[in-house]
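Results of the structural survey
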Amino acid sequence: MAKAKAPRRTLDSYTVKPINKIIKPGDCVLLRPSDPSTPSYVAKIERIESDGRGANARVHVRWYYRPEESIGGRRQFHGSKEVFLSDHYDTQSADTIEGKCTVHSFKSYTKLDAVGNDDFFCRFEYNSTTGAFDPDRVAVYCKCEMPYNPDDLMVQCEICSDWFHPACIEMSAEEAKRLDHFFCENCSSESQKKLQNPHNTRQSDAKVETKRRRR
């Protein structure tokens, strides 16, 4: 008669010895890819298990996909640190964990003063079978009507408050950074009135969002 396998234990936490980090369910981690030339995989830990002796730990994970791993591929509005929370679950050896990371909400990410190597953001859930996203639509900006990419420089119209890419309004990035005022084409007639008003003494009203610093 074959010897029965010892039942596996569910762990509340586990220390990954090669990196000396404690992981817990709910943590986001970087896992070693099979191809060393590709970026680390990003995943969220759902559960941690080990054998009866507390060894041979395995993590049950839910994968985050990078845009280039999705069916539609990377698009212009995808940020360099953007990932999608997928419906793809898997089990991996805890020894493949290379480090911990943080996957921010889109709103929280855009408020960071600096972005580190271990910072990512997620604004979509992704169906790995159909390629569908949830939500299936988000707010768009500029004349190009593209969703916001937090890596891109944009300038805001003082009247309508819409945001524009400098290239879409025939302006260089350096010109955009030097702006004291900006009024989009649709609001330009009203802007002329404001600039001709001798009581208008505001300076540097134009809002420009530059590419976030990297730690």
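Scope of this entry: the structure provided in the associated data block. (Residues numbered from 1 in each chain as written. Predicted model: local features only at pLDDT ≥ 70, side-chain atom pairs only at ≥ 80, totals over all residues. Heavy atoms only, no water.)

**Quick notes on the overall build of the protein**
If you tally the helices and strands in the protein, you get three helices and 18 strands. A buried classification covers 40% of the 215 residues belonging to the protein. Pairs at least 24 apart in sequence give 56% of the contacts found in the protein among residues at least 6 apart. Per element, the accessible surface of the protein, about 13300 Å² overall, is 46% carbon and sulfur. (Helix = DSSP H or I, 4+ residues; strand = E, 2+ residues; numbered from the N terminus. Buried < 20%, exposed > 50% of the residue type's maximum accessible area, 1.4 Å probe, protein only. Contact = heavy atoms within 4.5 Å. Areas by Shrake-Rupley, 256 points an atom, 1.4 Å probe, with all protein chains shown as cover.)

**Concerning the pairing of strand β4 (residues 28-31)**
Along any regular strand, the residues point their side chains to alternate faces of the sheet. By the alternation rule, side chains of β4 split into C28 and L30 and V29 and L31, which are all buried. Taken together, the four bridges between β4 and strand β5 (residues 41-50) define a ladder with antiparallel strand orientation. Note on β5: the bridge partner recorded for L31 is Y41. Pairing geometry for β4 and strand β8 (residues 97-105), over four bridges, is antiparallel. The residue of β8 that forms the bridge with L31 is I97. (Pairing = 2+ DSSP bridges.)

**Structural notes on the layout of surface pockets**
Within this model, the largest pocket holds a volume of roughly 270 Å³. The class makeup of the residues in the lining of the largest pocket is seven nonpolar, four polar and four charged. Of the pockets and cavities examined, the second largest pocket occupies roughly 200 Å³. Every residue lining the second largest pocket is counted, 11 residues in all, and those nearest its centre are F106, T110, Y141, Y148 and W163. Residues of the lining of the second largest pocket, tallied by class, amount to eight nonpolar, one polar and two charged. (1 Å grid on protein atoms, 1.4 Å probe; cavity = no way out; pocket = protein on both sides within 12 Å on 5 of 7 lines; lining within 4 Å. Points joined across faces, edges and corners; volume = space filled by probe spheres on them. Nonpolar A, V, L, I, M, F, W, Y, C, P; charged D, E, K, R; others polar.)

**Details of the side chain of S40**
Mapped onto the fold, S40 is located in the loop between β4 and β5. At 2.5 Å, the side chain of S40 forms a polar contact with the side chain of E98. Setting aside chain neighbours within four positions, we find S40 in contact with L30, L31, P33, R66 and E98. (Polar contact = N/O pair within 3.5 Å; in protein donor to acceptor, adjacent residues only side chain to side chain.)

**Quick word on the pattern of salt bridges**
Going through the model one piece at a time under the given rule, you end up with eight salt bridges. With a closest N to O distance of 3.5 Å, K100 and D27 form a salt bridge. Here the residue K100 occupies a position in strand β8, and D27 occupies one in the loop between β3 (21-23) and β4, the gap between them amounting to 73 residues. Exposure remark for K100: the relative accessible area of 32% places this residue in the partly exposed category. (Salt bridge = Lys/Arg side-chain N within 4 Å of Asp/Glu carboxyl O.)

**Overview of the packing of aromatic side chains**
Scanning all chains against the criterion turns up 12 aromatic pairs. Pairing F84 with F124 gives two aromatic rings, centres 6.1 Å apart and planes at 75°, and the pair type is edge-to-face. One end of the pair, F84, is in strand β7 (residues 84-93); the other, F124, is in the loop between β10 (119-122) and β11 (125-126), with 40 residues separating them in the sequence. Consider the rings of F106 and F121, whose centres lie 5.4 Å apart with planes at 50°: the pair is tilted. Taken together, the residues span a long stretch of sequence, with F106 in helix α1 (residues 106-110) and F121 in strand β10 at a distance of 15 residues. These aromatic residues form a ring-pair network of at least three members: Y65, F84, F124, Y126 and F133. The ring of F120 is capped by K81, whose NZ or CZ atom sits 4.7 Å from the centre of that ring. (Phe/Tyr/Trp six-rings, centres within 6.5 Å; stacked < 30°, edge-to-face > 60°. Lys NZ or Arg CZ within 6 Å of the ring centre and 35° of its normal.)

**Digging into the environment of C187**
Its location among the elements puts C187 in the loop between α2 (173-177) and α3 (188-196). Measuring from C-alpha to C-alpha, the distance between C187 and C160 comes to 7.3 Å, with 27 residues separating the pair along the chain. Those residues within four positions of C187 in sequence are excluded, and the remaining contacts are C157, I159 and C160.

Honestly, that's just the spatial picture; any functional story needs more than this.
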